[in-house]
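Inside the fold
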Amino acid sequence: MENNCITTVQDFKMEQPAKWCPGCGGHAVLAAIQRALPETGIEKEKVVFVSGIGCSSRFPYYINTYGFHGLHGRGAAIATGIKLANPELSVWLVTGDGDSMAIGGNHFIHLLRRNLDIKILLFNNKIYGLTKGQYSPTTPKGSVTKSSPDGTIEDPFLPGELAMGAQGNFFARVVDTDLEMMKEVFIQAARHKGTALVEVLQNCVIFNDDIHAEITSKELRAENQLYLKHGEPMLFGKNKELGLIQEGTRFKVVKVGENGVKKEDILIHNALDHDDTRDYMLVRLSRPEFPIAMGVIRSCEASVYDDMMYKQMAEVRSKSSIKTVDDLLCSGNTFSME
Amino acid sequence: MKKRVKIIERDDVVVKFAGDSGDGIQLTGAQFSDTSAFVGNDLATFPDYPAEIRAPQGTVAGVSGFQVHIGHKEVQTPGDLADVLVAMNPAALKANMRWLRPGATIIIDIDNFDSRHYKKADYIEDPLKDGSLEGYNVVEAPITEMTRDVVKQFGLDARVADKTKNQFVAGILFWLFNRDVKIGEAFLKDRFKKKPDLVKANLAVLHAGYNYAETVEAIEATYKVKPAEKGAGLYRNMTGNVAIAWGLVAAAERAKRTLFLGSYPITPASEILQELTKMKSLGVVAFQAEDEIAGICSAIGAAFAGCLAVSSTSGPGLSLKSEGLGLAVITELPLVVVDVQRGGPSTGLPTKTEQSDLMQALYGRHGECQVVVLASSTPANCFEYAFEAARIAIEHMTPVILLSDGYLANGSELWKIPAVKDLPEIKARLVKDDDPDYKPYARDIETLARSWALPGQPGLRHRVGGLEKSDITGVISYDPYNHEKMTILRNDKVAKVANFIPRQEVIGNESGDLLVVGWGGTYGALYTGVQEMIEEGKSISLAQFNYINPLPNNVSEIFRNFKKIIVCELNLGQFASYLRSKLPEFNYLQFNKVQGLPFMISELKEKFNDVLMTPENHGK
Ligand SMILES: Cc1ncc(C[n+]2csc(CCOP(=O)(O)OP(=O)(O)O)c2C)c(N)n1
Ligand code: SF4
């Protein structure tokens, strides 16, 4: 580790326990982050957690770092200000599906587009938790919720699609039931230079229990989750016997060893590819025909806003004759009077 | 052939330039102002332009204007009525006839005065022939024709050629004001230093205008305005928007903080953003956000991280920032929000001035949510009050709203350049690394300000946010008594700022028959009106407020000494209502105007004379 400042899980723990409902997916995400951070080598004082409003957005109160609990939807903008003010900070934004994609949609897409070096943990429970159960922009069409007694008539957003539409360069998906996966992916997000969006499929035991059960339950998860890793074949299933191949413009699920399919025929995941065509296809994979793509789906390098901003400042400073405010005040047309 | 005309020596002269928005009026006005400053005149300017970028040509609605008031004596306003009007077309003439002094010199571009043009301006008959210009000194100059003739040799296309027309006008004015045309030459050489062909063409046109004025018989007299006696020093012509930007940069330097601006473009405030994007060499971080909400929220984030954080906007943007202001109040972070007021509500009159955001600045938030409110009152003192807003925000750990307006924003005046070391030092309430006694909501006894611990500092990890926090410790608290205590503490903190600001001043006697009360950008007009009436022997004084919330401590003492008080503002009485709630023991008369225009000195004096003559308690 390039850092001499060693931190431990304990460093990030608060005395008081988190106040989410017992069984809420939030607890596991918190635990995973507390385990991931020491492995990133980031000094504990340099970490700032910023959030909007929602159950998920209480996160900064539950982790021992600098923290800012903001306004509903506006965490991205607050995080932007913090990062631009001090680019040495490791800035993490925690947000919900309503917070980031309903009221905060504008800030969310612009953060991704600008590519500031900020990490986003998007808790997607497909419901408004804190306001007690109204549908959100990710709630499946037809769902009966507090505010849709006859079923929703809106098509939901897929956060991954939105991220790529906004020119996001890092997108990952994890489930709150898999601590190890969360930890691995959070570390990769931390190491990525630029905006890194991690969608956490989070369970809200109170208002949307088991919404992700189809891919999280013990019996189904091996078959229904495709855990993608860069450079590795896209295999899944209990014994990794299933895999993806591409036929024309479509993916197809095949069984290794059947119909002459060899392991070498299976697609290799390339998260670094700038062309996002395949990434789009991966985030869209849906049940029942396909497994759900998990892990780091996209992670490519691009210029980072805060870097460019400070680089521009240094360049201008080296060329400008205005080095102090006095220089500024006396620049241009001045008139002296006796 | 040189002619002899009489030279009129004047203490002050008002010149108005008017034409289509593509005629280069703003440039001509700015050039005339700079020349005036160069020869040592005091000055005030007022650009007045339509909301459309290229408004319908030749129509009254499309007229762009620039008024300059220059003086040997002190100049406080752009002036009520013009002594010289330059009208590039009939619409410009029509739009400005009301604002002309009897006997004024009117220079018109005769080439644009055919029937097609005057009909477009809704004249039924030719204004040059219908007698409406009787009593004025009309100079019918073939500006367009002569300019085209002159530039022909330079092979410019017609569009570019016509753009040099304004230099013909400039040439006429150099002669009309007995000024050395070399100043104009230097201006052009500097302005077009990257385009030598344009320098040549513009110079030729400038000289043509000068020569034309020298020979034409129609000009009856020329003006001479001696230099002002402003005191020795280095001066510059300063607009309100630039002054705000520069005042903020100066404050950041005196506070040893990075200046961060989060802003979204909006007329008439965009220039503050634009100006600050040019300050990278001074380490300024100017961020153009995706909307006003992101503007203020990014600024709040930057304040948390230790910047002098600012968000600039106009009325509609201030509405969007309300929730953010509440967050800054409860997190007790330093923040400056600049509101350059314009005609509202909604898009209203976006390029015109008004003072109608006062209530929004004072009260436009949910919850008990006091912020400090200041108002600058001249283009140049926008520097001082931007600095002051930053000082209060940082030293008292509170959001401050600085109110400017469209009139101050675009208007300009001469400003004596200060040395930054002479500006007060701003003492940020920073915390030492690893301070074992640090508590996020512990307070200074005098100011009630909390301390400012910055992310990245070892040993000071803490959390702020929109949920109510416990006194001292800063942990979340839903305790009813704590909430009341914190609410009162936050309010008191703002109220205590009154102990750290100057006393309210009175211009004129400390007691008398009538006290004129104003705030912000109406200063020039109110000052001039009151001063003139004092010279006429009237018992009248002026109190112009720059500190709105909290009010200075001595206001009641002042009000007590006057028989009548009249509150003048460019809205329907917002400051008057505020004073009624703060100091209900006094009776406040009102004078209000909401035309998107500044006060005229004449209308103010008429009203004040009326009030002085009306028996007690009438005229309300
Ligand atoms: C301006 C504003 N509007 C509405 C609310 C109410 N509100 C609080 S949280 C929330 C939705 C939260 O849902 P989500 O972002 O999905 O987060 P979750 O609680 O599910 O984690 C709403 C509507 C608010 N706090 N502020
Ligand atoms: S309501 Fe749902 S999301 Fe909110 S804390 Fe409880 S379980 Fe978690």
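The structure reproduced in this document is the subject of the present report.

Thresholds, definitions, all that
Counting restarts for each chain, with residues numbered from 1 along the sequence as it is written. Each chain takes a letter, starting from A, and each ligand takes a number, starting from 1, following the order in which they are written. Since the coordinates come from a predicted model, pLDDT governs what is reported: local features require at least 70, and pairs of side-chain atoms require 80 or more to be given and counted, while whole-chain, interface and lining totals use all residues. The side-chain numbers reported here are obtained from all heavy atoms of the structure, hydrogens and water having been left aside. Whether a residue is near a molecule or strand depends on its heavy atoms: it is near if one of them lies within 4 Å of it. In this count, Pro and Cys sit with the nonpolar residues alongside Ala, Val, Leu, Ile, Met, Phe, Trp and Tyr, while Asp, Glu, Lys and Arg are called charged and the others, Gly among them, polar. For our purposes a nonpolar core is just a set of buried Ala, Val, Leu, Ile, Met, Phe, Trp, Tyr and Cys residues, chained together by side-chain atoms within 4.5 Å. Buried means the residue's accessible area, taken with a 1.4 Å probe over protein chains only, is under 20% of the maximum for its type, while exposed means over 50%, and partly exposed covers the values in between. Each helix corresponds to a stretch of at least 4 residues labelled H or I by DSSP, and each strand to a stretch of at least 2 residues labelled E; elements are numbered beginning at the N terminus. Residue contacts follow a heavy-atom distance rule, with two residues in contact if any of their heavy atoms lie within 4.5 Å. Note: buried area is the sum, over both parts, of the accessible area (probe 1.4 Å) each one loses when the two are combined. Counted as salt bridges are all cases of a side-chain nitrogen of Lys or Arg within 4 Å of a carboxyl oxygen of Asp or Glu. Strand pairing is defined by DSSP finding a minimum of two bridges between the two strands. In a helix, the anticipated span is given by 1.5 Å times the number of residues less one. Residues form patches when they are more than 30% accessible in relative terms and have no salt bridge. Like charges link within 9 Å. Nonpolar side chains (Val, Leu, Ile, Met, Phe, Trp, Tyr) link within 5 Å. Only the protein chains shown count as covering a residue, and every accessible area follows the Shrake-Rupley method with a 1.4 Å probe. Note on charges: Lys and Arg go in the positive column, Asp and Glu in the negative column, and His and the chain ends are not counted at all. A charge is said to be at NZ when it belongs to Lys, at CZ for Arg, at CG for Asp and at CD for Glu. Note on aromatic pairs: the rings of Phe, Tyr and Trp (six-membered ring only in Trp) are paired at centre separations within 6.5 Å, and the planes decide the class, stacked below 30 degrees, edge-to-face beyond 60, tilted for the rest.

1. A few points about the site of ligand 2
Near ligand 2, the surroundings consist of Trp20(A), Cys21(A), Cys24(A), Cys55(A), Asn125(A), Gln202(A), Cys204(A), Val205(A), Ile206(A) and Phe207(A). Within the shell around ligand 2, the residues separate by chemical class into 8 nonpolar, 2 polar and no charged.

2. Considering the nonpolar core
All names here are of chain B. If you look at the biggest cluster of nonpolar residues, it comprises 178 residues, and the most contacted ones within it are Trp246, Leu276, Phe545, Ile548, Phe559 and Phe575. In terms of residue count, the dominant contributor to this core is helix 9 (residues 240-255) (11 residues). Residue contacts for Phe545: discarding those within four places in its chain leaves Ala375, Gln504, Val517, Gly518, Trp519, Gly520, Leu551, Pro552, Val555, Phe559 and Phe575. Counting 52 residues, the second-largest nonpolar core is a separate cluster that includes Phe177, Leu203, Ile219 and Val225.

3. Focus on the interface of chain B and chain A
With 70 residues of chain B at the interface, the matching set in chain A holds 55 residues. Each partner contributes to the roughly 5,100 Å² buried at the junction of chain B and chain A, and carbon and sulfur atoms together form 66% of this total. Here chain B and chain A share 1 salt bridge between them. Taking the shortest distance from any N to any O, the salt bridge between Glu290(B) and Arg114(A) comes out at 2.8 Å. Those elements that place two or more of their residues in the side of chain B that touches chain A are helix 1 (25-38), strand 9 (233-239), helix 9, strand 11 (285-288), helix 11 (292-304), helix 13 (322-331), strand 16 (412-416) and strand 17 (463-465) of chain B. The element best represented in the side of chain B that touches chain A is helix 11 of chain B, accounting for 8 residues. Along the lines of polarity and charge, the residues of the side of chain B that touches chain A split into 41 nonpolar, 18 polar and 11 charged. For strand 2 (residues 66-69) of chain A and strand 17 of chain B, the ladder comprises 3 bridges, and the chain directions are parallel. Paired with His69(A) across the two strands is Gly465(B), which belongs to strand 17 of chain B.

4. Some thoughts on helix 7 (residues 179-191) of chain A
The terminal C-alpha atoms of helix 7 of chain A lie 18 Å apart, and with 13 residues this matches the ideal 18 Å at 1.5 Å per residue to within 8%. Buried within helix 7 of chain A are the following residues: Met181(A), Met182(A), Lys183(A), Val185(A), Phe186(A), Ile187(A), Ala189(A) and Ala190(A).

5. Describing a positive patch on the surface
Residue and element names in this part refer to chain B. The grouping of Arg54, Arg159, Lys163, Arg191 and Lys195 at the surface amounts to a positive patch. Position of Arg159 among the secondary structure elements: in helix 5 (residues 158-163). Judged by its relative accessible area of 57%, Arg159 is exposed.

6. Overview of the pairing of strand 12 (residues 308-313) of chain B
All names here are of chain B. Burial analysis of strand 12 places 6 of its 6 residues in the buried class, the great majority of the element. Neither face of strand 12 is left uncovered, since the one carrying Leu308, Val310 and Ser312 and the one carrying Ala309, Ser311 and Thr313 both have all their residues buried. When strand 10 (residues 259-263) meets strand 12, the two strands line up parallel, connected through 3 bridges. Within strand 12, the residue paired with Leu259 across the bridge is Leu308. Sheet analysis places strand 12 next to strand 13 (residues 335-341), joined by 4 bridges and oriented parallel. Following the sheet pairing, Val310 is matched in strand 13 by Val336.

7. Remarks on the packing of aromatic side chains
Residues and elements named next belong to chain A. If you walk through the whole model with that rule in mind, you get 24 aromatic pairs over all chains. With a centroid separation of 6.1 Å and 80 degrees between ring planes, the pair formed by Phe59 and Phe123 is classed as edge-to-face. Separated by 64 residues along the polypeptide, Phe59 in helix 2 (residues 59-62) and Phe123 in strand 4 (residues 118-124) bring together distant segments of the chain. What makes Phe59 buried here is its relative accessible area of 0%.

8. Regarding unusual backbone geometry
A cis amide bond, omega 0 degrees, links Arg287(A) with the succeeding residue Pro288(A). Here Pro288(A) is to be found in the loop between helix 10 (277-284) and strand 11 (292-299). In the segment running from Gly344(B) into Pro345(B), the intervening peptide bond is cis, with an omega of 0 degrees. Tracing the backbone through its elements, the reader meets Pro345(B) in the loop between strand 13 and helix 14 (358-363). Of note in the backbone geometry, Gln167(A) takes a positive phi value of approximately 65 degrees without being a glycine. Note on placement: Gln167(A) falls in the loop between helix 6 (159-165) and strand 5 (170-175). Of note in the backbone geometry, Asn178(B) takes a positive phi value of approximately 50 degrees without being a glycine.

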